Every structure is written in structure tokens, then in C-alpha cells.
Amino acid sequence: MDFHTATEPRLVKAAFGGTVDRIPVWMMRQAGRYLPEYMAIRNQTSFLGLCKDVDLAAEVSLQPWRRFGMDAVIMFSDILIPVEAMGMPLVFEEGPHLPQPIRSRADVEKLSIPDPVEKTGFVMNLIKRLRSDLSGSPDTALIGFAGAPWTLASYMIEGGTSRNYTQIKAMMWNEPKTLHMLLDKAAQTVTHYLNAQIEAGAQVVQLFDSWAGIVDSNAYQEFILPYHQQVISGLKRQGVPVILYVNGSRGLLPLMMQAGADVISVDWLTPLAEAKQIIGASHAVQGNLDSNALFADPSVVVPMAQALAQTGGMTGYIFNLGHGILPKTPPETVKAVVDAVHAYQPSATLTTSVGR
Ligand code: CP3
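Let me sum up the structure you'll find in this document. (Residues numbered from 1 in each chain as written. Predicted model: local features only at pLDDT ≥ 70, side-chain atom pairs only at ≥ 80, totals over all residues. Heavy atoms only, no water.)

### A closer look at the side chain of aspartate 78
- By the secondary structure assignment, aspartate 78 is in the loop between strand S1 (72-74) and helix H5 (81-85).
- Here leucine 80 takes part through its backbone nitrogen, which lies 3.1 Å from a polar atom of the side chain of aspartate 78.
- When near neighbours in sequence (up to four residues on either side) are disregarded, aspartate 78 contacts Phe47, Cys51, Phe92 and Phe145. (Helix = DSSP H or I, 4+ residues; strand = E, 2+ residues; numbered from the N terminus. Polar contact = N/O pair within 3.5 Å; in protein donor to acceptor, adjacent residues only side chain to side chain. Contact = heavy atoms within 4.5 Å.)

Next up, the structure:
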């Protein structure tokens, strides 16, 4: 089967380094609390209930796409869904809470490596459902995702979102073998989970290592990079690009490039031009508008988005934020940014001067 067909979504083309007629755009956490139509559904159910209800999850996945016309729909779920399936109780209060955190080797040994269809079949059903809902829009890419082993381990060990990551760092120094055992189990889980998503119809997958930027590059090379490589090399993914996101990646881009991903998703601490210079032509680049810029006046943020579009260009570039969209973001500003990126075309002078 030829995967590089004329109907290949623009975002997939760009992810493989191709040239597109219009820069593809989506935003991390594009579905969520800043949208009144999300709150209308969210108020009827718990967050985990919403993730596990295929009809409601499909509806909220599609909301930002309907409203703004992004080039991708990301399935509505959470990175901690497979952690629950590994055997850890999970609740969402103010944020995620794991009441029985991992503290010992015995705790790690008890964790299972779940069969993704058996334990999290609602995720695969959501993907199938969204592919069918999007069958009339072959240019829209459906994105699946997973948390990367380090970020999942940080939640499993800290028991929730952490400020200082003291517990996972203590395990890293006191009991590195136990941490490696946990990371390996998480990597096996995530590999099976992403393969099941691809089999169900995900056209792109993103690996979120949100908290991989909290250690130095030596620890990154020992505890983070090998597990990116393990997961990505284990994917059966002909035609499905992999996006790797690390928050706080300043200084880590060369190590991110060794993971085997197709796209490096850059946070806003590295100017896009500098990131592109480091990354070169070997990977596509995604990013990197500051999520907080969406609170600035549209007359200010639109030129910022246009400048990113100009730097990113029409080849191997996906417009996104540098991290997730924040609650209370004005939807009108999101619309102004999406429209501005879509309207962007390289100026004639720029094209000719590059052409000569
Ligand atoms: O991008 C999308 O629109 C898809 C949905 C999505 C959610 N979480 C929904 C969500 C995705 C891709 C995630 C990934 C995720 N979850 C990450 C990695 C991305 C990142 O932001 O770094 C992380 C670290 C989590 C864990 C998590 N889930 C936290 C820390 C929180 C609480 C923080 C917050 O913003 O409230 C969640 C809850 C969560 N996940 C919400 C949503 C829409 C808010 C829950 C609500 O509606 O009450």
C-alpha cells in the first residue's frame, strides 16, 4: 500500500519533512476548559468519565476543529489512562492524584503491562469513531498520543503533579535499578498502547515527555533518551510520523534528535530560528508560540504568529504552541492565530531571493 497518496493530510506531509501549500496548525490541549462548549459537557460528568465515554470524548475532540478549522484532531484522553491500566488507582481532583505512589522495588514488581485493547479499549474505540467522523475530511490528521516513560514515572512516584520532583530524583540516585525497571515497564506499556492506537487508525502519534526537562543532560542520557528509543523503535508505524515533545528542552535538542522521532516539538524557551538551526533538515519542527501570548491583544499576537510562520516556512514545519493551551484563553484569539497561520504565504521577494 502506498501511504504517500494525494490525500495524505497536510500535517502528515509536513511531519515527514515535505513541502505544503499551507502551514498545518494545531494546538496542544486544544480541547478543554477555555471552550464553553467543552464546559457544557464537562459539567455533566467527571474528567475520567469523559475520557472513557466514547460519544462524549469524540464530541469534545471535534469541538476545537469545528470552531477553528485546525489541521488535526487530537483524541481526547489523558497520559495517565495507561498508568491506571498498569494497576495504579487514579483520581482527578484539582489535577491528577495517584493515592498509592510507587516507593519501592516491590511496588514496581506489582505493576502489570496491560493489553491495551482489553484494558483501554475505549481509547481505540474513540480513534475508530473519530476516523469515521472525519472520513469526509481526508486532509484532517487524527493524532493519538502517550506520555513518555519518564513523565509517567514522575506521576507514579510523586503521586501527582510535582513542584520539585524530589521523590523521582531520590529514586534516581538511591535506587537507579528500581527506576530503570519502572521506566522499562512504562516503555513496554506505551509501545503496546501506541501500536494499538496506530492499528485503530491514528495517523500521527505524539509522545509527551512533559517533565523530561528537569534533569541535566547526563541523567537525560541515562533515564530518558533510551526509553524514547525503546518506544519509538518498537512502533509498527509505516506512514505514521512520531512527534516528540519535551518541555524545558533548551540545551536538550541534540539529544531529542537521537530518539528516532520524525518531528521535534519545541517549547517557547528556544527561539524557533535557533531551534531550526540546531535541528537542521533531519527532522521536521513543531512549535512554539508562548501559550501566554494568547492572552495578549490579537493585534500583537497575530504578528508573532506570522513571524513564526515565516521562520518555520512551508517545508517540514507544523505550527503549534510551546506547551498546552491554558484555561481562560480567549477563543477569539485562538481563531485569529489559526487564521493568520493559514493565510500566511511566503512573500514574493523572499521566494525569489531564495530561488536565486
Ligand atoms: O490536547 C488535547 O486537546 C487532548 C487532551 C489532553 C489532555 N491531557 C486533556 C486534559 C492531552 C494531550 C493531555 C496530556 C497530558 N495530561 C499531559 C501532557 C501534556 C502537557 O500538558 O504537558 C500531562 C502532563 C497530563 C496530566 C494532566 N492531566 C494534568 C497535569 C492535568 C491537570 C492540569 C490541568 O490543566 O488541569 C490533567 C487534566 C486534564 N487533561 C484536563 C484536560 C482537558 C483538565 C481536566 C478538566 O476538564 O477538569
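So, next bit.
### Concerning unusual backbone geometry
- With an omega of -15°, the peptide bond between glycine 287 and asparagine 288 qualifies as cis.
- Among the secondary structure elements, asparagine 288 is positioned in strand S8 (residues 284-289).
- At tyrosine 165, a position not held by glycine, the phi torsion is positive, near 55°.
- Within the fold, tyrosine 165 resides in the loop between helix H8 (149-158) and helix H9 (166-174).
- A positive phi is found at lysine 328, a non-glycine position, where the angle reads about 75°.
- Its location among the elements puts lysine 328 in the loop between strand S9 (317-321) and helix H16 (331-343).

### A word on the pairing of strand S6 (residues 242-246)
- For S6, a buried count of five out of five residues is recorded, marking the element as mostly surrounded by other parts of the structure.
- Alternating residues of S6 divide into Val242, Leu244 and Val246 and Ile243 and Tyr245, and every residue in both groups is buried.
- Both strand S5 (residues 204-209) and S6 contribute to a ladder of five bridges, which runs parallel. Across the sheet, residue aspartate 209 finds its bridge partner in S6, namely valine 246.
- Note that S6 and strand S7 (residues 263-265) share three bridges and pair parallel. Looking across to S7, one finds that tyrosine 245 is bridged to serine 265. (Buried < 20%, exposed > 50% of the residue type's maximum accessible area, 1.4 Å probe, protein only. Pairing = 2+ DSSP bridges.)

### Thoughts on the side chain of threonine 151
- Of note, threonine 151 is situated in helix H8.
- A distance of 3.0 Å separates a polar side-chain atom of threonine 151 from the backbone nitrogen of serine 210.
- If we ignore the near neighbours within four places in the chain, the residues touching threonine 151 are Ile79, Phe208, Asp209, Ser210, Trp211 and Ala212.

### What about the nonpolar core?
- Judged by nonpolar contacts, the single largest core of 130 residues is most densely connected at Trp150, Leu179, Tyr220 and Phe319.
- Ranked by residues supplied to this core, first place goes to helix H10 (residues 176-200) with ten residues. (Core = buried A, V, L, I, M, F, W, Y, C linked by side-chain atoms within 4.5 Å.)

### Some details on the site of the ligand
- Surrounding the ligand, one finds 23 residues, the nearest of these being Arg29, Arg33, Tyr38, Ser210 and His323.
- Contact between the ligand and arginine 33: an oxygen atom at 2.5 Å from a side-chain N or O atom of the residue.
- Starting from 880 Å² of accessible surface for the ligand in isolation, the protein chains cover 90%. (Near = heavy atom within 4 Å. Areas by Shrake-Rupley, 256 points an atom, 1.4 Å probe, with all protein chains shown as cover.)

### A few points about the pairing of S9
- Burial analysis of S9 places five of its five residues in the buried class, which makes it a mostly covered element.
- For S8 and S9, the ladder comprises five bridges, and the chain directions are parallel. In the strand pairing of S9, leucine 289 is matched with leucine 321.
- Following the chain from S8 across helix H15 (residues 298-312) to the adjacent parallel S9, one finds a crossover that is right-handed. (Right-handed = clockwise from strand over helix to strand, strands pointing away.)

### Digging into the pattern of salt bridges
- According to the stated counting rule, one finds 13 salt bridges in the structure shown.
- A salt bridge links aspartate 139 to arginine 10; the shortest N-O distance between them is 2.5 Å. Residue aspartate 139 is found in the loop between helix H7 (116-133) and strand S4 (141-147), and its partner arginine 10 is found in helix H1 (residues 10-15); the two are separated by 129 residues along the sequence.
- For arginine 10, a relative accessible area of 11% gives the class buried.
- Close ionic contact of arginine 129 with aspartate 133 constitutes a salt bridge, the shortest N to O distance being 3.3 Å. Taken together, the residues arginine 129 and aspartate 133, both in helix H7 and four residues apart, mark about one turn of the helix.
- You can call arginine 129 partly exposed: its relative accessible area is 30%.
- Accessibility expressed as a relative area gives 34% for aspartate 133, which makes it partly exposed.
- Salt bridges linked by common partners bring Arg10, Asp21, Arg22, Asp71 and Asp139 together as one network. (Salt bridge = Lys/Arg side-chain N within 4 Å of Asp/Glu carboxyl O.)

### Remarks on the sheet that holds S8
- Here seven strands make up an open sheet; going across it, the order is S1-S4-S5-S6-S7-S8-S9 and the pairing parallel. At either margin of the open sheet sits one strand with a lone partner, and together these are S1 and S9. On average, each strand axis in the sheet is inclined to that of its neighbour by 25°, with strand direction left out of account. (Axes fitted to C-alpha atoms, helices over the stretch in contact; angles between N-to-C directions.)

### Brief notes about the packing of aromatic side chains
- Inspection of every chain in the model, using the stated rule, returns six aromatic pairs.
- Between tyrosine 38 and phenylalanine 76, the ring centres sit 5.7 Å apart and the planes meet at 50°, which makes this aromatic pair tilted. Separated by 38 residues along the polypeptide, tyrosine 38 in helix H2 (residues 36-42) and phenylalanine 76 in the loop between S1 and H5 bring together distant segments of the chain. The burial state of tyrosine 38 is the same as that of phenylalanine 76; both residues are buried.
- Measuring from ring centre to ring centre gives 5.5 Å for phenylalanine 145 and phenylalanine 208, while their planes differ by 90°; the resulting arrangement is edge-to-face. (Phe/Tyr/Trp six-rings, centres within 6.5 Å; stacked < 30°, edge-to-face > 60°.)

On their own, these measurements won't tell you what the molecule is for.
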